[in-house]
Amino acid sequence: MSKLIVFAIVGFFAQLIDGALGMAYGVTSTTLLLAFSVNPAAASASVHLAELVTTAASGASHIKFGNVDKKMVFRLIIPGAIGAFLGATFLSNLPGDVIKPYVSLFLLLLGVYILFRFLFIYKKTEEQKNVQLSYKQSIPLGFIGGFFDATGGGGWGPITTPVLLSKKGMCARKAVGTVDTSEFVIALSASLGFFLSLGSELIEWVWVIALMIGGVLAAPLAAWLVRIVPTQIMGTLVGGFIVLTNARTIFSTWISDDSIYPVLYGLIIVTWIAAVGYAIYKYNLDRKASEADLPLDVEA
């Protein structure tokens, strides 16, 4: 019983992070299941089944709070669903451990760019109501995101969110909400692929339900947070989180001396906190400047 409560709590915080930053539910939940010696394919299948409910709740919440670009959702879900189905079907034959460090390196660099962009380049006036995502961009992005999501138990958010945020004019809450809403179809497609290749015998249904309950409770809160947190601060939070999560894979792959891991993680976290603090400072500065420019009401 205590294990189920732990899974429900993990599901809650995983969905809170995922719904607010556009990533981490799959990675967090899959890591926990693997820690309990669950088969990697079964762990990924269990997480995707839980995501059928949590992503539906998250998507509905984001739509309610106006965080979704519906046109972009439709352009991402078809290639994403195809990639997720293929990734789930061929999970056991894919060299995921070989590819993953290079994907993480790419995402880490993208995270650094996002941090730089929202700290030093971003201006609120550059935000556009609708940022166009062409088919040339959406097809490979959706396919790769869905493919790695199924093979790694989490990849849709970590891949699609930073790429969307790197587009000039993209509003952070729209990027997060769009990715979270489209993830339902990705989870559905991956689950179908797992069922066809694994059957239902390996699924830990009780664990799935525990993850679902925690995730559903967190979904509305996460969507509300995205709505109220300013874009510049949200972009900095997402960028730092991308760097932190992908650094783990890079360190474990290319740095054999694990005694220096705490120092490296410490540097990343301190830098991230400083970046968020600077983003808050800049936001308050810009807000005061805009308020000072407002015309005063003059009584007739």
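**Q** Tell me about the packing of helix α1 (residues 2-21) against helix α9 (residues 205-228), residues and numbers included.
**A** Two elements in contact, α1 and α9, have axes whose closest approach is 6 Å; the angle formed by their N-to-C orientations is 30°. Of the possible angle classes, the one that applies to α1 and α9 is roughly parallel. Crossing of α1 over α9 shows right-handed handedness. By residue class, the composition of the contact of α1 with α9 is 17 nonpolar, 5 polar and 1 charged.

**Q** Just give me the short version of the side chain of Thr55, but keep the residues and values in it.
**A** Within the secondary structure, Thr55 is located in helix α3 (residues 40-64). Thr55 has contacts with Asp180, Glu183 and Phe184, leaving out every residue within four places of it along the chain.

**Q** How would you summarise the nonpolar core if you had to cite specific residues and measurements?
**A** Note on soluble globular proteins: their nonpolar side chains tend to be buried together. By size, the foremost hydrophobic cluster in this structure holds 45 residues, and its most contacted members are Leu76, Leu164, Leu165 and Val238. Not counting chain neighbours up to four residues away, the residues in contact with Leu164 comprise Met72, Leu76, Leu133, Leu141, Met170, Ala175 and Val179. Counting residues in hydrophobic clusters, the runner-up holds 12 residues, among them Leu119, Ile233, Ala247 and Ala279.

**Q** Explain the confidence of the model for the protein chain residue by residue, including any values.
**A** When pLDDT is averaged across the protein chain, the result is 80; 83% of the residues are at 70 or more. Low pLDDT, under 50, characterises residues 296-300; the predicted model gives this stretch 0 contacts beyond four residues in sequence or across chains.

**Q** I'd like a rundown of the side chain of His62, residues and numbers included.
**A** Topologically, His62 is positioned in helix α3. Setting aside residues up to four positions removed in sequence, His62 forms contacts with Gly19, Asn67, Val68, Val176, Gly177, Asp180, Thr181, Ala223 and Val226.

**Q** Which residues make up α1, and what values go with them?
**A** The end-to-end C-alpha distance of α1 is 28 Å, a good match for the 28 Å that 20 residues give at a rise of 1.5 Å each. Looking at α1, one finds that the buried residues are Phe7, Val10, Gly11, Ala14, Gln15, Leu16, Asp18, Gly19, Ala20 and Leu21. Trailing α1 by a residue or two, Gly22 shows a phi angle of about 85°, which is positive.

Conventions used here
Residues numbered from 1 in each chain as written. Predicted model: local features only at pLDDT ≥ 70, side-chain atom pairs only at ≥ 80, totals over all residues. Heavy atoms only, no water. Axes fitted to C-alpha atoms, helices over the stretch in contact; angles between N-to-C directions. Helix = DSSP H or I, 4+ residues; strand = E, 2+ residues; numbered from the N terminus. Parallel < 35°, antiparallel > 145°, perpendicular 65-115°, else oblique. Left-handed = near helix turned anticlockwise from the far one by under 90°. Nonpolar A, V, L, I, M, F, W, Y, C, P; charged D, E, K, R; others polar. Contact = heavy atoms within 4.5 Å. Core = buried A, V, L, I, M, F, W, Y, C linked by side-chain atoms within 4.5 Å. Buried < 20%, exposed > 50% of the residue type's maximum accessible area, 1.4 Å probe, protein only. pLDDT = per-residue confidence, 0-100. Expected span 1.5 Å × (residues − 1).

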